[in-house]
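Close look at the chain arrangement
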Amino acid sequence: MDEEDDFYGESLVDSESDYADDSESDDEEEESEVEDIELPQGVQAEIDTDFNRLVSNIRMTDDVSNAAMLHREWDFNIAQQDAEFRDDLREASGIGKKKGRKRGRQHGPVLSHQVRALIGEGNQAYVDENIPEAIRIMQEVIRIEPRASSAWSVIAQCYEDSNEPKKALQLRIMAAHLRHDADEWERLGAQSRNLGYNQQAMYCFSKVYSLDPTNVDALWDRASLAKEINDLRAARHSLLAILKRFPHDMTVLAELRPILIEVSDLPLCASLYQAALEHYQTVQPLGPVQHIDPSLADQTPPNQTFGFIDLLVLADLYNTMSECDNAIQIIRKGCRWLQGRASQRFWDGCVDDREYDIPREDMGNVIIERSGDIQPGHYPLDVNARHRLAIARIKLGDVEEGKMHASIVLAQDVLDYAALFGEIADSYFEREMYADARPIYEVLGADPATSSLYILLQVALCRRMLGDLQEAAEVYKQVIDADQTNNDAKMKLAELYEIMDEPRKALELVYQVIDSRKRRTNQPEATPTPGTIPQPQPQGASLFEEKSRTKSKTPAPGKSRLSLAELKALEEQREREVILGYTRAEDLWPRMLHGDAEAGREWMIEAEKLVEMFRETRNLFVTTRDYDFKGMLPKRRIQRKDDTEEDRMVSRLELNERDKHTRRTKDDGQASEKVVSFRGVTFSSWLRVFMQYAFVLTKRGDYDQAEEVLRHILLSNAYRDSNSQNTIRIAIITCAVHAGKFPVATEQCRKIINTHQFNNEAFRLLLVSLASGHRPTDSFVSSTLQKHTLRELRLHDAAVKTPELMKWNVVGRKYNLSSSSGKEESSKVDEEADEEAEIPGPTENNATEKTAIRMPTKNNPIIVALYGQMSLAAKSYQSAICKLVSLSRFYLLHAYDYCPEDPVVCLSLAIASLGRAMQRQSDNRHHMIAQGMAFLSQYRTLRKSSGDEMLAEVDYNFGRAFHQLGLHTHAVTHYERVLEIAEKRGSEQYVSVAKEAAYNLSLIYVTTGAVPLADGLYRRWLSI
């Protein structure tokens, strides 16, 4: 039975209600499985029938609040069938009681003189030890008045004395329904449990709680019994009921946690633990009287408090649900509370984890510079808690902070913390940080105590993603040598051999996989021996069907499949709908652009239908993006899904071995047959609809939905080519810039830079996206973008100076520095590898995708100047001018050497020199000022050569330089010259620079006391 539906429902609120309200579905199942209760031979047939009907009706009761306790077909075959009799019978049965009635023993109906006389005779027969006579008389009483509880009790005692405890238990349960005694139900539950009638015992314990809500022991017994028989749903409801009576009890939570995890109810588990933590923090604001490290405590921490293990459990729940922000706050605030520092709330203002930084000398290679007024706290933090912080930070994208915590965890003994090592490596792998995940997997795989098949496969996969194909192949060989039946490893190795242009080895492995699966298919299925066939458990004297709650995999009901003709007809209908909707959207688009509100609403409806139809089509979003869209009804179907990949690889490799020229011709022919439309609309037209839809959503303030649509379209195999990917990413950048989401724009620009290595247009796109403003500047000077740009700068420099050290990554389709270039340089490149850089997926399915791109042959001033301007925007003037790095390069000065006639480079050098001169660390201010003015003069010379229209810009920059140096007289001269040029020419191109000059000039006037002159500037130039 499924008692938990009632148990977590009304019976928890109304203690007077009966428990026998099972769910309708379970009741129907049990109704079909009801078996008549066995009574001793010699009993009259009529009494036997009445008894079985009463049992059946008790089991068929499906609602405690329902007044109809007995089944409508109940019939005693006597004349008393009026309404009064039925009401009395319901009251005696204990079903249908009203809320608010005083709880206590129910005394039953008023017995007639005949019944009382029979009961007296039966009792006398029992006293005289005439058991058969006592049973006969009491059965006659039951035939006349089934509600006489004493008759049931005497019969039960008679069977007990006759050494038939099972029949006695059955009869006592029938009598208990008439008396409603909680103690008696508890005894019956214990007896049923001892006899192995678990379902019946759970029912009895539920009746105890429904009659006596203060008896929590009955709930606990029911929960423990439900766990034993794997009835997790019943155990969950029972423990939740206990938790409702005793909120935040950690013992109950500890029992409930594995059940909620097993049933995948993680949000409820996290909310219960979060509520418990807040409760104990309120009760014990200064923290529990225990040490965060149990090894340092003199006594075992009490159970009734939120301990360190519970804190880790809550953090794990949040990390599993991808609520990493909550996990970080739980560890930081929770450990602070456990350490008795709950009053130090100022740590919450720090976005990083400096509160738990270790001393600088113990950090090792990972050192993070902390900025701000709050210094690191150096408070102790258990390695398990630090591991949770590392996981949360890495998943959240705060990789530098996560690496700091991870390095501390990884400094521990791998044998003691192998699980923590593996989880950190998995987090790196999920973020596609293969360079960081690889060494951790290799450490785990090096020791037999920590190695596993999963670890070795992860090592191979990391090496493959990093371009070390030969090393990855060696790992797959080791796995295959250890397990010759591992077909997955063989297929992965075959793919590597194909990439490495070794088709013979790949073919051999694929043939082995095909033969293995054929042998496995032909093997006869093992027939179970008679000893292994589970035998049905005898029903015995239980009133319930005693069956185990083990999960059995039942085959899903077969779904009706449409015929090919029906599929074609359905597809034709959808194609007509798409063409009609697309045509309507095309007609409405010009009207919407002219401001027609009604046309705009209708266009959004049609566009949304088209977009959602495209996104819901599974054929356009396959698991592997290596294959183009083949249409909704492909002509050929592979019969066996398991052999699809192997057959495809065999065909490809055989063609390659037989005739490469023929294969190339065939591939070109297949490429020409590529599907270019979906349901009558070309993919380019679909893409235009997607971008229009995203742009309209962004203009209307729904940027999140627009970004979701465009990011989803990126995953479609219809847009695998490079041009489509670039178009979609530029559309995302456009929406992000309009919505002020500059980190998203930076992310997409970086991915375009990775795709188009050694191409300056990608960097120009980045500069256009982060044109001006405070928030774009924050993204421009972010550490991730600076590291990404520095890495590209190093690669470009190495490609020009030492091209022999550059290695083409076939998987990522970009150049990387070879590991043979030196341990020191390789380690630095690995450490500064961009953790968020996406390895581009397959673009074109042709022979050119594996061909290396051309490397640059001369130095590039753009990327050097870009990195110098990043340092300049971050006010790191010295770094911008001449910071010496590992390759002995300069930034802006280096850019000046590459392109001395670029006015932007000269202006940047002037700004950096003057900025450095204004810093306290400057050791020669006059030299820096002179150098800055020299570069500014060179900038003026180069800018004037472009025409007189640049004079206003030049004068403004000179005025700004003198203004910064405090030479207000010279600054005023140049500012006024800018205003004169703007007054004379009156062109719109001078308005912007004139307003900037007017504002700066007004600052000088106000500083020097010339307020009327400043007021004139406000009225002329700075008024709206």
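In this report, we go over the structure that sits alongside the text. (Residues numbered from 1 in each chain as written. Predicted model: local features only at pLDDT ≥ 70, side-chain atom pairs only at ≥ 80, totals over all residues. Heavy atoms only, no water.)

**Some details on the overall build of the protein**
To be explicit about the condition: Working definition: helices are DSSP H or I runs of at least four residues, strands are E runs of at least two. Numbering for both runs from the N terminus. Only protein chains enter the accessibility calculation, which uses a 1.4 Å probe; a residue whose area is less than 20% of its type maximum is buried, one above 50% is exposed, and one in between is partly exposed. Contact between two residues is taken to exist if any of their heavy atoms lie within 4.5 Å; hydrogens are not considered. Method for areas: the Shrake-Rupley scheme with a 1.4 Å probe, in which residue coverage is limited to the protein chains shown.
For the protein, the helix and strand inventory stands at 46 helices and four strands. The buried share of the protein, taken over its 1024 residues, is 46%. For the protein, long-range pairs separated by at least 24 residues make up 62% of all intrachain contacts whose partners lie at least 6 apart in sequence. A total accessible area of about 53,300 Å² is found for the protein, and carbon and sulfur atoms account for 50% of it.

**As for the packing of aromatic side chains**
As a reminder of what qualifies: Each pair of aromatic rings taken from Phe, Tyr and Trp, with Trp reduced to its six-membered ring, is defined by centres within 6.5 Å and is described as stacked if the planes are under 30 degrees apart, edge-to-face if over 60, and tilted in the remaining cases. In this scheme, the term charge over a ring applies when either NZ of a lysine or CZ of an arginine sits within 6 Å of the ring centre and within 35 degrees of the ring normal.
Evaluated as defined, the whole model comprises 18 aromatic pairs. Seen from their ring centres, Phe958 and Phe962 are 6.4 Å apart, and the 40 degrees between their planes marks the pair as tilted. Of this pair, Phe958 and Phe962 both sit in helix α43 (residues 951–965), four residues apart, which is roughly one turn of the helix. Here Phe958 and Phe962 have matching classes, each one buried. One Lys or Arg, Arg341, reaches over the ring of Tyr379 and ends 3.6 Å from the middle of that ring. The ring of Trp1021 carries Arg1020 above its face, with NZ or CZ at 4.0 Å from the centroid.

**What about the nonpolar core?**
For clarity, the cut-off: We define a nonpolar core as any set of buried Ala, Val, Leu, Ile, Met, Phe, Trp, Tyr and Cys residues linked to one another through side-chain atoms lying within 4.5 Å.
The biggest cluster of nonpolar side chains holds 101 residues, and the ones touching the most others in it are Trp603, Phe614, Trp686 and Tyr719. Of the residues forming this core, the biggest block, 10 residues, is contributed by helix α30 (residues 683–699). Each residue touching Phe614, except ones within four places of it in the same chain, is listed here: Leu620, Phe621, Phe678, Phe683, Trp686, Phe690, Ile713, Ser716 and Tyr719. With 54 residues, the next largest nonpolar core counts Val252, Phe306, Leu311 and Ile328 among its residues.

**Quick look at the environment of Pro743**
The topology assignment puts Pro743 in helix α33 (residues 742–755). Along the backbone, Pro743 and Ile733 are 10 residues apart, and their C-alpha atoms lie at a distance of 9.7 Å.

**Some details on unusual backbone geometry**
If you check the backbone angles, Glu129 has positive phi at about 60 degrees while not being a glycine. Mapping Glu129 onto the fold places it in the loop between α6 (113–127) and α7 (131–144). One non-glycine residue, Glu432, lies in positive phi territory at about 60 degrees. Mapped onto the elements, Glu432 comes out in the loop between α20 (418–430) and α21 (434–446).

**Some words on helix α26 (residues 564–593)**
Going by this rule: Expected span of a helix, by definition, is 1.5 Å for each gap between consecutive residues, and there is one gap fewer than residues. A residue's bend is simply the angle between two axes: one fitted to the seven residues ending at it, one to the seven starting at it.
An ideal rise of 1.5 Å per residue puts 44 Å on 30 residues; α26 measures up with 43 Å between its terminal C-alpha atoms. At Asp587, α26 shows its maximal kink, close to 25 degrees; a proline, Pro590, follows between one and four residues later. All buried positions along α26 are accounted for by Glu571, Val578, Gly581, Tyr582, Ala585, Leu588 and Met592. For α26, the secondary structure elements touched by its buried residues are α27 (597–615), β2 (681–682) and α30. Looking one or two residues beyond α26, the residue adopting positive phi is Gly595, at roughly 95 degrees.

**As for helix α9 (residues 165–179)**
With 15 residues, α9 ought to run about 21 Å at 1.5 Å a step, and its terminal C-alpha atoms sit 20 Å apart, in line with that. All buried positions along α9 are accounted for by Ala168, Leu169, Gln170, Leu171, Ile173, Met174, Ala175, Ala176, His177, Leu178 and Arg179. His180 lies just past α9 and shows a positive phi near 60 degrees.

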